[in-house]
Every structure is written in structure tokens, then in C-alpha cells.
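Residue strings, one per chain:
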Amino acid sequence: KTPDNWLPRDPRLIRLTGVHPFNVEAPLSDLYNEGFLTSPELFYVRNHGHVPQVRDEDIPDWEFTVEGMVEQPLKLTLRDLLEQYEQHTYPITLVCAGNRRKEQNVVRKTKGFSWGAAGVSTALFTGVVMGDLLRKAKPKRGARYVCMEGADKLPNGYYGTSVKLNWVMDPNRGMMLAHMMNGEMLRPDHGKPLRAVIPGQIGGRSVKWLKRIILTNEPSDNWYHIYDNRVLPTSVSPEESANDPKWWMDERYAIYDLSTNSAIAYPAHEEQLGLVGAPEKYRVKGYAYGGGGRRVTRAEVSLDKGKTWRLAKIDYAEDRYRESGPRQLYGGTVDMEWRESSFCWCFWNIDIPVSELAETSDLFIRAMDESMNIQPRDMYWSVLGMMNNPWYRVTISREN
Ligand code: MTE
């Protein structure tokens with residue numbers, strides 16, 4: 001029996017941390033097959049503890065505050081947020097900083113559990129642009145950080161973190177407080193009834209079950225801000241990091257923007273390709289994403305361990321989706337808005353002659369973004385195992 005026993009969850013999800021807390025990803029091929037928007041059933045979940053339980057009748061009265069370095073502290077309910085602020089809907093891809101950590105754990109055990117490459121999902125998030133709310137609260141001179149705190153009480157206090165105030169005030173960064181996902185109320189695992197959504201940055205900044213927003217002149221001093229979501233220098237061992245707090249106190253190691261990343265969904269790792277009698281070409285395909293609102297502009301596949309690369313086609317599903325207008329989703333009809341920046345994953349594919357696939361034992365993918373940030377060949381190992389983004393490899397085996 002766990003504290004989350006009241007929650008129904010999809011049996012297809014792969015549990016990464018035993019029974020509790022709930023940390024899951026979908027099988028990569030299932031995630032890919034979902035397409036641009038991930039259904040709530042298969043959306044990855046990263047919970048540090050139990051899910052706060054909120055009765056439906058109490059949702060409008062969910063209270064949260066804006067406090068700290070503001071001229072006008074606010075105490076609002078979700079009802080106020082809906083009635084007093086303009087609502088927006090944006091497509092946003094969330095990614096856990098631990099996505100692809102499994103590959104690092106194989107090289108050397110990190111302190112984190114083994115995510116495959118499906119710690120990433122996309123939804124249409126509806127809510128209020130956080131900058132609109134903060135303008136009402138009037139940040140004081142000298143305020144530089146927006147700290148956020150959730151309602152989940154954990155062994156080291158409530159989950160919390162911070163982002164920079166100037167990012168929150170930048171409309172192109174699109175940071176929001178969301179209450180709906182794909183046209184329906186957020187599901188409990190994803191922050192029901194209210195969460196922050198910080199596009200283009202690691203999922204760890206998107207605080208769920210949001211209760212407090214605190215403006216400060218220093219980054220958050222929350223335990224989870226300091227001891228989680230950091231890339232320490234690669235030389236720092238698990239023992240050293242445990243004994244010397246100086247490594248954690250250095251805000252320069254905190255992760256914000258995502259790094260450029262990609263993965264191959266088809267073929268699956270170690271999939272047996274039945275090439276005999278198959279069509280002449282096999283379609284290799286997968287996803288890619290950039291960080292900080294930067295669009296992926298290139299995806300390349302190698303059949304010879306990186307000696308040569310071929311250019312894959314990119315499908316910006318986000319653009320097609322936007323052009324097709326409002327549509328019926330699980331929770332209702334949803335129309336989305338559009339921003340200059342891109343906060344969504346894209347898909348890539350390339351047709352490889354079966355005769356060439358038959359000659360190789362592995363396939364690599366790498367992506368590049370509009371600032372020419374390219375995935376590196378080598379892994380950067382660090383003690384928490386985060387932001388892993390070297391070329392993604394699948395090995396293939398052939399039948400007979
Ligand atoms: N917010 C709270 N309150 N508690 C949490 O455990 N986990 C964070 C973030 N926000 C977390 C949280 C992490 S590490 C990630 S990756 C995202 O939520 C995951 O969001 P999801 O479970 O909706 O996919």
C-alpha cells in the first residue's frame with residue numbers, strides 16, 4: 001500500500017523506482033507512436049514523493065501566493081486566476097533532466113535512477129502567462145529570482161526551485177501557470193490543480209501542485225533546488241559530492257535550458273530486423289529537441305560510427321498542428337497560440353536501403369539546433385547523471 005493508491009495508472013508505463021514514489025516512462029516506441037501530443041496516460045511522470053490529493057469540489061478554492069520582493073503581495077485562488085487573467089494555450093515539451101541517464105549508469109553508476117529515452121512528453125498547456133501575474137504583484141527593485149514551492153511535503157521540505165525573474169518577464173520564454181493539459185484539468189500526477197510550466201528548460205523547474213511564488217534577490221535555498229538538477233564537474237565522485245557541500249552551493253552548476261538531444265525510436269535497441277523479404281528501404285525514425293526555445297535544424301544519422309553522416313528529414317509537427325486550427329481533444333476543443341520560439345520536440349526520419357542496414361551493426365543519430373549547438377560524440381558523466389546528450393546509438397541484429 002502506497003500513499004498514491006487512490007490513483008489509476010496505465011499498465012504500459014515502465015516503473016523506474018519501485019513502487020513509490022511514482023517515476024515512469026512509456027516504452028519509447030509507444031511514446032513515438034503517440035505523435036506530437038502525448039496522451040496523459042503515457043506522459044512521463046517524475047514525482048519526488050506522494051501526490052497531493054485534491055477533491056474536485058475544492059479545486060476552485062486552491063490557494064497560492066505571490067510574496068517576497070513585491071510591492072503588492074497576492075493571495076489568489078484558482079478561481080481568481082481563471083476570472084481575472086487572460087488564458088493562453090501553448091504546446092510545450094517537458095523533459096526530465098535525467099532523460100537518457102541509463103546510458104550513464106552503464107558507464108559508471110550515478111546517484112540517479114535509470115531513465116531510458118522516454119523521459120520526455122508534449123502537451124498543450126492552458127493557463128496564465130506568469131509575467132502577467134508578476135506585473136500585478138509589481139516586483140521590487142533588486143528582485144532577481146522567482147522561487148516556486150509545491151504542496152508535496154518531502155523528507156527535506158516542500159519541493160521547490162527558482163528561475164530568473166527576467167526570463168519570467170520575457171513573453172518569448174512563455175513561462176506559465178497551467179491548470180489544464182490537452183484541454184482537460186491537469187491529472188494528479190502532473191500537478192492538479194495548478195503547476196508552473198517552464199518551456200525550454202528542464203522539467204525540474206516546472207513545479208507541480210504550486211502553492212507559493214516568492215521573489216528574491218538570490219536563487220532558491222530549497223533543498224531540492226540545491227541538491228537536485230545540477231551537473232557537477234565530471235571529476236566529482238559520489239563520495240566527494242556527499243562530503244563536500246561546496247559542490248552543491250555553486251549555482252553555476254544548476255541546469256536551466258535543455259541541451260540539444262535526440263533518440264531513435266525505430267528500430268528499437270537490439271531489435272531484430274527481419275530484413276529478408278522486407279521492402280527495399282527501412283524507415284529509421286525518432287525525435288529531437290533543443291533547449292531554451294531554440295529549434296532543431298538538423299538531424300543526422302550515421303551507419304559507420306560517425307565517420308559519415310546522412311541528413312534526415314525533419315517534421316515540425318508543431319507547425320502542422322498550429323496551421324490546422326482548433327481541434328477536439330480529450331477535454332474539449334483547444335486552439336493554440338504561437339510564439340517565435342520553439343518549445344516542442346520534432347520528429348525526424350530517413351529511409352535507409354535494407355542492403356546497407358544489413359551491413360551495419362549500429363545506428364547513430366545526432367541533432368543540431370539553430371545556434372549550431374550539436375550533440376557531442378562523448379558523454380559528460382556527472383554524479384547526478386543529468387543532461388546526457390551524446391550521439392544516441394541503437395545496435396541492431398538481423399534475423400538468421
Ligand atoms: N514539482 C513538485 N512539486 N514535486 C516534484 O516532485 N518534480 C519535478 C517537476 N516538478 C516535481 C515537481 C521534476 S524533476 C520534473 S522532471 C517534472 O516535475 C515532471 O513533470 P511531470 O511528472 O508532469 O512529467
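Keep in mind the model is a prediction, meaning the values are calculated, not measured.

Draft legend 1. Structural context of the environment of tyrosine 224. Take tyrosine 224: it is sitting in helix α6 (residues 223–226). Residue tyrosine 224 is classed as buried on the basis of its C-beta count, with 20 C-beta atoms lying within 10 Å. A sequence separation of 101 residues divides tyrosine 224 from alanine 123, and the C-alpha atoms of the two residues are 25 Å apart. In this structure tyrosine 224 touches His48, Asn156, Tyr159, Gly160 and Thr161, once residues within four positions along its chain are discounted.

Draft legend 2. Region of interest: the environment of valine 394. Inspection of the secondary structure assignment puts valine 394 in strand β24 (residues 392–395). Along the primary structure valine 394 and phenylalanine 364 are separated by 30 residues, whereas in three dimensions their C-alpha atoms are 6.7 Å apart. Apart from residues lying up to four places away in sequence, valine 394 is in contact with Ile264, Pro267, Ala268, His269, Asp362 and Leu363.

Draft legend 3. Molecular detail of the sheet that holds strand β18 (residues 310–311). Pairing within the open sheet is antiparallel, and its four strands lie in the order β18-β17-β23-β24. Lying at the two open borders of the sheet, with one neighbouring strand each, are β18 and β24. When strand β23 (residues 362–369) meets β24, the two strands line up antiparallel, connected through four bridges. Bridging across to β24, leucine 363 finds its partner in valine 394.

Draft legend 4. Spotlight on the confidence of the model for the chain. Per-residue confidence for the chain gives a mean pLDDT of 94; residues scoring 70 or more make up 99%. For this predicted complex, the interface score ipTM comes out at 1.00, while the overall pTM is 0.96.

Draft legend 5. View of the pairing of strand β17 (residues 296–302). For β17 and β23, the ladder comprises six bridges, and the chain directions are antiparallel. Bridge pairing in β23 links alanine 299 to alanine 367. Where β17 meets β18, two bridges bridge the pair, whose relative direction is antiparallel. Bridge assignment links valine 301 to a residue of β18, and that residue is arginine 310.

Calculation rules
Residues numbered from 1 in each chain as written. Predicted model: local features only at pLDDT ≥ 70, side-chain atom pairs only at ≥ 80, totals over all residues. Helix = DSSP H or I, 4+ residues; strand = E, 2+ residues; numbered from the N terminus. Buried ≥ 20, exposed ≤ 12 C-beta atoms within 10 Å, placed from the backbone. Contact = placed C-beta atoms within 7 Å. Pairing = 2+ DSSP bridges. pLDDT = per-residue confidence, 0-100.

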